[in-house]
Number of protein chains: 2
Amino acid sequence: MERMQANAFEQLLQALRNQYWLGSTLSLLGWDEQVNLPSGSAEHRAEQSAFLAGLHHREGTRPEIDGWLAELEADFEQLTEEQRTVVRWVRRDYDRARKLPEKFVAEKTEHASRAFHAWADARKRNDFAAYEPFLERNIALAQEEAALLGWEENPYDYHVDRHDPGMTAARIEELFGGLRAPLLELVGTILDSPVKVAPDFFRGFEVERQELFVRKLIGLLGFDFDRGRIDRSLHPFCSGDGADTRMTTRYDRDNPLDAIFSAIHETGHGLYEQGLPLEHRSNPLGEAVGMAVHESQSRLWENQIGQSRAFWKHFEPLFRQAFRSQLSGISSDELYLAINAVRLNPIRVDSDEVTYNLHIILRFELEKALFLGDLKVRDLPGEWNRLSKEIVGLEPKNDAEGVLQDVHWSGAAFGYFPSYCLGNMMAAQLWYAVAEELPDLENDFERGDFAPLLGWLREKIHRHGRRFDTDEIVQQATGKPLAPDALLRYLKERYLPLYR
Amino acid sequence: MERMQANAFEQLLQALRNQYWLGSTLSLLGWDEQVNLPSGSAEHRAEQSAFLAGLHHREGTRPEIDGWLAELEADFEQLTEEQRTVVRWVRRDYDRARKLPEKFVAEKTEHASRAFHAWADARKRNDFAAYEPFLERNIALAQEEAALLGWEENPYDYHVDRHDPGMTAARIEELFGGLRAPLLELVGTILDSPVKVAPDFFRGFEVERQELFVRKLIGLLGFDFDRGRIDRSLHPFCSGDGADTRMTTRYDRDNPLDAIFSAIHETGHGLYEQGLPLEHRSNPLGEAVGMAVHESQSRLWENQIGQSRAFWKHFEPLFRQAFRSQLSGISSDELYLAINAVRLNPIRVDSDEVTYNLHIILRFELEKALFLGDLKVRDLPGEWNRLSKEIVGLEPKNDAEGVLQDVHWSGAAFGYFPSYCLGNMMAAQLWYAVAEELPDLENDFERGDFAPLLGWLREKIHRHGRRFDTDEIVQQATGKPLAPDALLRYLKERYLPLYR
């Protein structure tokens, strides 16, 4: 590489570092908002975050960046593999940021904020009509955004690609198509089973004790508390990065499994962040591929691992030790069945890992139709209910439980839902791949040793940053293209023996 | 005011707002560092804060600010009183920031950081000689800073003025001069008293319960939890401002008074911040006068109020209710004496409110001598020990307990110590002023009603922001210039009846 080029690359990295510090600060402000912020300080924090978001945007759209990129692209072949990865992604992100006029971004952000409040209000009052114009405008702006960036022919693809680089609606259609019928059949078998999960029998699990148990558990999974924390918030999440990973969960005296599985899920995200190359955290070499890959990590730990017999062979004695009296009347089999309960639920976020995927297929069908113009927003509630009956297997009692249940569309997060189900597919596929390479894995879990599994994930997924896109990294890690087979196999192997 | 001028003022305010958001973010990062930051994330946070500090400095030294100020100064008489306050202080801060070359600031910051580590290490090993060159350089840089800003004739005055606008070494000398001899006499009387405080008898105060008690207590004092919090940290502090006030205290099972009084102290700071005009929080109309005035608020609540009989008439029953068994063997008189214990202590931060002032006089004498060139750093330990015997009444066992005990000089915070004692003087003076105007105050306290006192402080001190300097605001609030009489009177009235 020529000296001039080396210089351009160094300056590019420096600009990325500056942007990183602002992004990292915004992320901490967001965490603090969910975890600590006094209620009366919300307006103050909103202005503070908006100010920093403005700086962040300005830093990422500096015209010099274009110059450095052009210089590097002029002799692309001279660049190392790593440098090409950086240049490719920064060019994508930079062009997207530059092509959106500041006025458009401000309007979109402002409208999404208004739509969020309209949605929260409409859900409370079960009044879709009041929210309808806000959602319509959100979709129109999302279409406009795609057009501004040159995706006017396939606007929904743009929004999918935003969350999962390399993914398209057609590819998802193919994947979900292979999943839908066999999954519906499996759900039918489970629901027809004489085995029924007992109604909730968890009562009086002291919250401080749950918190101690959860911290011990996720520490054993490999979460590094020297560079991270887990706190409490209304909705569990994981933020920050490997330099300072901030996760949350929530605690309910009468539902200890919720705290445990939310924490394991977030720990899956946290372990991915902690496994990305720290020294590259301000550039694409140290960033996550996308949402689906992120979800594959959280779902793998939460489901394939956290809901397994082997896992609970190790943790059940510790759980009983922490809550002797509360668990005294509950047998091991009852506990395990409660952990793997399957029930139809109109609400996505309250659904088990089997029926959850049906919820995602429903949303994908509707998003696609909305973006293709095949479905008008005013017809959405009826179509939601009709398709919900057809795909999920039940019709919501009302719009609050139906089309108004999710926050995503109100915040203009279109193309996001599919990532959850893609993540489930990847998780299962990774699971069979690692199980083949490391046949002793379940014995490790029984001993409370998760290091071999984590080592494999670090090697196959984490350390690569954004070197590969969504499809490539799955191929790379499992030797096969992403497909629905593994998820179907896993669900059958896990649930058919339980629900005979 | 002309339209042009109005425009300049509006632009100035906007620049101050931008700078405010960065400062407010830096403050939150600092809070998080003390309260939440995982140990392995310290280096990450240091870089993050340094980056934002750079932006903050750049925002505060934009050349346009000079232009707007010049425009406003050209027709100063046309400005409103409020606008003049803003212009005056912004000019001061701007000129100070501009006159210090960026290279100088970076060198000073970097050296202070190195000196801090050298100090921590030297204190651990009781090795002043290893720290000596670092302190020498800190002082040389502080002298250079004063010279760069045009205070070469009186560099120590500059550092005093930095913390307490309008204050000078000569004025402090006069105030401390009036305090020293009578205070020494009072300490002698107390130490000669046959009344001796029993050794610590507090044991086993559950920390969670202390935390509940502390929160209830400071809520009753008037702290607004809708716009603030109190958490735990190694060293108690108060940060943020009235939009989001973040205080901390610390908890020790065997020392509940430490948590309580640290919390009351920080609440005094917090109430001041919450009483400043919120809408002006990004400009001098909504900022605190200086360190001494800030300390006057914390000390007033901690000492005049928190250590009074009337206060404990209300809180003792609540305290006993929270810790029935732990307090069962302790009489009300014993408790009250423990709250007002006076003992010579070589360590400033562990000293009671009587002898504390002697520690400050000692440090003031030494700082002055160092800056006048009358004392060489190499002679500092000997001089510390000699003066400590003379002023505080005991000689430290070693340098770790003596000249190395405080962090301030290692961080180049010269001229800061006097604020503590000035704050004590102001607190006492405010106390007699308010007691005269509101004769029912002690009855209010006995009923747990602190609103009348807080209302008076808001009226006399808080709402003014930086409209008056240190001396002016005391004159304004109490009708008299700042003097040591009130503090001496208060200490005698509080302690002589106890230590007969």
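Quantities reported herein were computed from a predicted structural model and do not represent experimental measurements.

## Some words on the overall build of chain A
Link 1 in the chain: Per the secondary structure count, chain A includes 21 helices and three strands.
Link 2 in the chain: For 500 residues, the compact-globule estimate of 2.2 N^0.38 gives 23 Å, and the C-alpha radius of gyration of chain A, at 23 Å, lies within 12% of that figure.
Link 3 in the chain: Based on the C-alpha atoms only, the size of chain A along its principal axes is roughly 70 × 50 × 50 Å.
Link 4 in the chain: The buried share of chain A, taken over its 500 residues, is 41%.
Link 5 in the chain: Pairs at least 24 residues apart make up 71% of the contacts formed inside chain A by residues separated by at least 6 positions.

## Comments concerning the packing of helix α12 (residues 309-322) of chain A against helix α14 (residues 332-339) of chain A
Residues and elements named next belong to chain A.
Link 1 in the chain: Their axes nearest at 12 Å, the elements α12 and α14 cross at an angle of 125 degrees. The angle between the axes of α12 and α14 places the two elements in the oblique class. As α12 packs across α14, the resulting crossing turns out to be right-handed. On the side of α12, the interface is formed by Arg309, Trp312 and Glu316, while α14 contributes Ser332, Leu335, Tyr336 and Ile339.
Link 2 in the chain: Its residues placed into classes, the contact of α12 with α14 shows four nonpolar, one polar and two charged.

## Some words on helix α16 (residues 380-391) of chain A
Residues and elements named next belong to chain A.
Link 1 in the chain: Between the first and last C-alpha of α16 there are 15 Å, a value that for 12 residues agrees with the 16 Å anticipated at 1.5 Å per step.
Link 2 in the chain: Taken together, the buried positions of α16 are Leu380, Trp384, Ser388 and Ile391. Taken end-on, α16 shows its buried residues confined to a sector of 80 degrees, consistent with a single buried face. Among the exposed residues of α16, those oriented more than 90 degrees off its buried face are Gly382, Arg386 and Lys389.
Link 3 in the chain: Residues of α16 that are buried in the fold lie against α15 (356-372).

## Quick notes on the domain arrangement of chain A
All names here are of chain A.
Link 1 in the chain: The domain architecture assigned to chain A consists of domain 1 (1-99) and domain 2 (151-500).
Link 2 in the chain: The centre of domain 1, based on its C-alpha atoms, is set 29 Å off from the matching centre of domain 2.
Link 3 in the chain: Contact with domain 1, which involves 15 residues of that partner, is made by 14 residues of domain 2.
Link 4 in the chain: Elements with a contribution of two residues or more to the side of domain 1 that touches domain 2: α1 (3-35) and α4 (81-99).
Link 5 in the chain: Per-element tally for the side of domain 1 that touches domain 2: the top contributor is α1, with 10 residues.

## Regarding the relation of the copies chain B and chain A
Link 1 in the chain: For the pair chain B and chain A, the superposition axis carries a translation of 0.0 Å, the fit reaches an RMSD of 0.0 Å, and the rotation angle comes to 180 degrees. Taken together, the rotation and translation relating the two chain copies correspond to the operation of a two-fold axis. Residues of chain B ranked by C-alpha distance from the rotation axis are headed by threonine 25 of chain B, positioned 4.1 Å from it.
Link 2 in the chain: Both copies contact each other with a shared surface, as 100% of the interface residues of chain B are interface residues in chain A too.

## With respect to the sheet that holds strand β3 (residues 244-249) of chain B
Residues and elements named next belong to chain B.
Link 1 in the chain: Overall, mixed pairing links the three strands, which are arranged β1-β3-β2 in an open sheet. Each edge of the sheet is formed by a strand with only one pairing partner; in this case those strands are β1 (228-232) and β2 (238-241). In this sheet, adjacent strand axes meet at a mean angle of 15 degrees when their direction is disregarded.
Link 2 in the chain: With five bridges connecting them, β1 and β3 associate as parallel partners. Directly across from isoleucine 230, in β3, lies its bridge partner methionine 247.

## Brief notes about the interface of chain B and chain A
For an interface, size is often stated in terms of accessible area lost upon the parts coming together.
Link 1 in the chain: The partner chain A presents 21 residues to the 21 residues of chain B that form the contact.
Link 2 in the chain: Every element with two or more residues in the side of chain B that touches chain A is listed here: α1 (3-35), α2 (42-60) and β1 of chain B.
Link 3 in the chain: If one sorts the elements of the side of chain B that touches chain A by residue count, α1 of chain B sits on top with five residues.
Link 4 in the chain: Its residues assigned to classes, the side of chain B that touches chain A shows seven nonpolar, nine polar and five charged.

## So, the confidence of the model for chain A
Link 1 in the chain: In the predicted model, chain A carries a mean pLDDT of 96, and the fraction of residues at 70 or more is 100%.
Link 2 in the chain: Predicted as a complex, the structure gets a pTM of 0.94 and an ipTM equal to 0.93.

## What to know about helix α9 (residues 207-221) of chain B
Residues and elements named next belong to chain B.
Link 1 in the chain: Look at α9: 21 Å from first C-alpha to last across 15 residues, which is about the 21 Å you get at 1.5 Å a residue.
Link 2 in the chain: Close packing links the buried residues of α9 with β1, β3, α10 (256-275), α11 (291-305) and α12 (309-322).
Link 3 in the chain: The first or second residue beyond α9 is glycine 222, which carries a positive phi of 120 degrees.

## Concerning the environment of proline 194 of chain B
Link 1 in the chain: Along the polypeptide, proline 194 of chain B turns up in the loop between α8 (169-192) and α9.
Link 2 in the chain: Each C-alpha atom of the pair proline 194 of chain B and phenylalanine 261 of chain B lies 26 Å from the other, and the pair is 67 residues apart in sequence.

## Things to note about the environment of leucine 276 of chain A
All names here are of chain A.
Link 1 in the chain: Tracing the chain through its elements places leucine 276 in the loop between α10 (256-275) and α11 (291-305).
Link 2 in the chain: Of the residues examined, leucine 276 has 24 C-beta atoms within 10 Å and is grouped as buried.
Link 3 in the chain: In sequence terms leucine 276 and glycine 286 are 10 residues apart; their C-alpha atoms lie 5.3 Å from each other.
Link 4 in the chain: Look past the residues within four positions of leucine 276 in its chain and what remains in contact with it is Gly242, Arg281, Gly286, Glu287, Ala288, His462 and Gly465.

Conventions adopted
Residues numbered from 1 in each chain as written. Chains lettered and ligands numbered in written order. Predicted model: local features only at pLDDT ≥ 70, side-chain atom pairs only at ≥ 80, totals over all residues. Helix = DSSP H or I, 4+ residues; strand = E, 2+ residues; numbered from the N terminus. Rg over C-alpha atoms; globule rule 2.2 N^0.38 Å. Buried ≥ 20, exposed ≤ 12 C-beta atoms within 10 Å, placed from the backbone. Contact = placed C-beta atoms within 7 Å. Axes fitted to C-alpha atoms, helices over the stretch in contact; angles between N-to-C directions. Parallel < 35°, antiparallel > 145°, perpendicular 65-115°, else oblique. Left-handed = near helix turned anticlockwise from the far one by under 90°. Nonpolar A, V, L, I, M, F, W, Y, C, P; charged D, E, K, R; others polar. Expected span 1.5 Å × (residues − 1). Arc of directions from axis to C-beta. Domains from an automatic or database assignment. Least-squares fit on C-alpha atoms with pLDDT ≥ 70 in both. Pairing = 2+ DSSP bridges. pLDDT = per-residue confidence, 0-100.

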